[in-house]
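The chain contents come next:
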Amino acid sequence: MPIALVRRPGPSLVDGIVTHQEPQPIDLVLALAQWEAYVGALRSAGWDVTEVEPADDCPDAVFVEDALVVFDDLAVITRPGAPSRAAEVEGAERAAITQGLEVVRIEPPATFDGGDVLKVGRTVYVGRTARTSDDGVEQLRAILAPRGWEVVGVPVTSVLHLKSAVTALPDGTVVGHLDHVDDASAYPRFLAVPEPAGAHVVLLDDHRLLMSTGAPATAEMYRSLGYRTVEVDISEFEKLDGCVTCLSVRIRR
Ligand code: CIR
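Quick summary incoming for the structure in this document. (Residues numbered from 1 in each chain as written. Predicted model: local features only at pLDDT ≥ 70, side-chain atom pairs only at ≥ 80, totals over all residues. Heavy atoms only, no water.)

## Observations concerning empty space enclosed by the protein
Phase 1: For the structure shown, the criterion picks out three cavities of 30 Å³ or more.
Phase 2: Its volume calculated, the largest cavity comes out at about 140 Å³.
Phase 3: For the largest cavity, the lining is made up of 19 residues, of which Asp66, Arg85, Leu160, His161 and Asp241 are closest to its centre.
Phase 4: Of the residues contributing to the lining of the largest cavity, the split by class is six nonpolar, six polar and seven charged.
Phase 5: Taken as a whole, the second largest cavity encloses approximately 60 Å³ of empty space.
Phase 6: Surrounding the second largest cavity, Val154, Pro155, Val156, Leu162, Ala165, Val166, His180, Val181, Asp182, Asp183, Ala186 and Tyr187 form its lining.
Phase 7: At the level of secondary structure, the elements contributing two or more residues to the lining of the second largest cavity comprise strand 8 (150-155) and helix 4 (162-165).
Phase 8: Partitioning the lining of the second largest cavity into residue classes produces nine nonpolar, one polar and two charged. (1 Å grid on protein atoms, 1.4 Å probe; cavity = no way out; pocket = protein on both sides within 12 Å on 5 of 7 lines; lining within 4 Å. Points joined across faces, edges and corners; volume = space filled by probe spheres on them. Nonpolar A, V, L, I, M, F, W, Y, C, P; charged D, E, K, R; others polar. Helix = DSSP H or I, 4+ residues; strand = E, 2+ residues; numbered from the N terminus.)

Written out as structure tokens, the structure reads:
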């Protein structure tokens, strides 16, 4: 059974970082209910959902994808670019070890957020952003080259992370909204979607896509391509520049 690591949101979520939109109040009760529904969608699709220990002093800890990235049996523990997120990696590392993963760390002074990593086959696209430094990209390249992964750096200028702009369908087609994609030609196969939130898909399996309720036209487009969609309302996390991908780390072995 594939494993999904998640991290329960704590009371400090209301103080999460907002960079790419006007700040809006966060409804904590609604956020927790939305998080439970997100976890429920993963479980219903056959994922073994495991909670990483909470990091309630870190308002953005629920966005667990930024703290570690898994490649086969290797967990790369990141070095988040936002200082308030630095302590998130401690519990993430313990969770990786509990899962029996080999662990390596991104070392200072580099910074690296997991949301900047998009895996398509054995290609790893890495966004160069305000959170992920050139040095971070190069460290990942050095870690992964001997393991048979190719790292490709891509520019990201208008959103927080690479995966705020693009994700990929099960057949490897990269999907994104053209307002947020700096260079669609970086990807061998690219499909433009009609809504920004439609660019965010979690692959539940080869046929089912988990996505936000905030992109109904894109969901319809994916269904016309033969996929099934599972849509969850994550409005409280979207107010904090989050999306469906960053709320879990999927481990497929
Ligand atoms: C942050 O600014 O770090 C959080 N408020 C949102 C992080 C979202 N993570 C992601 O897209 N991978």
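More follows now that the structure is in view.
## A few points about the side chain of glutamate 195
Phase 1: Assignment of secondary structure puts glutamate 195 in the loop between strand 11 (190-192) and strand 12 (202-203).
Phase 2: Although glutamate 195 is buried, it makes no salt bridge; arginine 223 carries the closest opposite charge, 9.4 Å away.
Phase 3: Polar side-chain contacts of glutamate 195 include one of 2.5 Å to the side chain of threonine 218.
Phase 4: Look past the residues within four positions of glutamate 195 in its chain and what remains in contact with it is His177, Ala215, Pro216, Ala217 and Thr218. (Buried < 20%, exposed > 50% of the residue type's maximum accessible area, 1.4 Å probe, protein only. Lys, Arg positive; Asp, Glu negative; His and termini not counted. Salt bridge = Lys/Arg side-chain N within 4 Å of Asp/Glu carboxyl O. Polar contact = N/O pair within 3.5 Å; in protein donor to acceptor, adjacent residues only side chain to side chain. Contact = heavy atoms within 4.5 Å.)

## Things to note about the site of the ligand
Phase 1: Close to the ligand lie 14 residues, the nearest being Ile17, Asp60, Arg85, Arg131 and Leu240.
Phase 2: Within the side chain of aspartate 60, a nitrogen or oxygen atom sits 2.7 Å from a nitrogen atom of the ligand.
Phase 3: Here a nitrogen atom of the ligand and a backbone polar atom of leucine 240 are 2.7 Å apart.
Phase 4: Notes on the ligand: free accessible area 350 Å², of which the protein chains cover 100%.
Phase 5: Given that more than half its atoms are within 2 Å of the pocket grid, the ligand belongs to the largest cavity.
Phase 6: When the residues that make up the shell around the ligand are grouped by side-chain class, the tally is five nonpolar, three polar and six charged. (Near = heavy atom within 4 Å. Areas by Shrake-Rupley, 256 points an atom, 1.4 Å probe, with all protein chains shown as cover. Sits in = over half its atoms within 2 Å of the grid points.)

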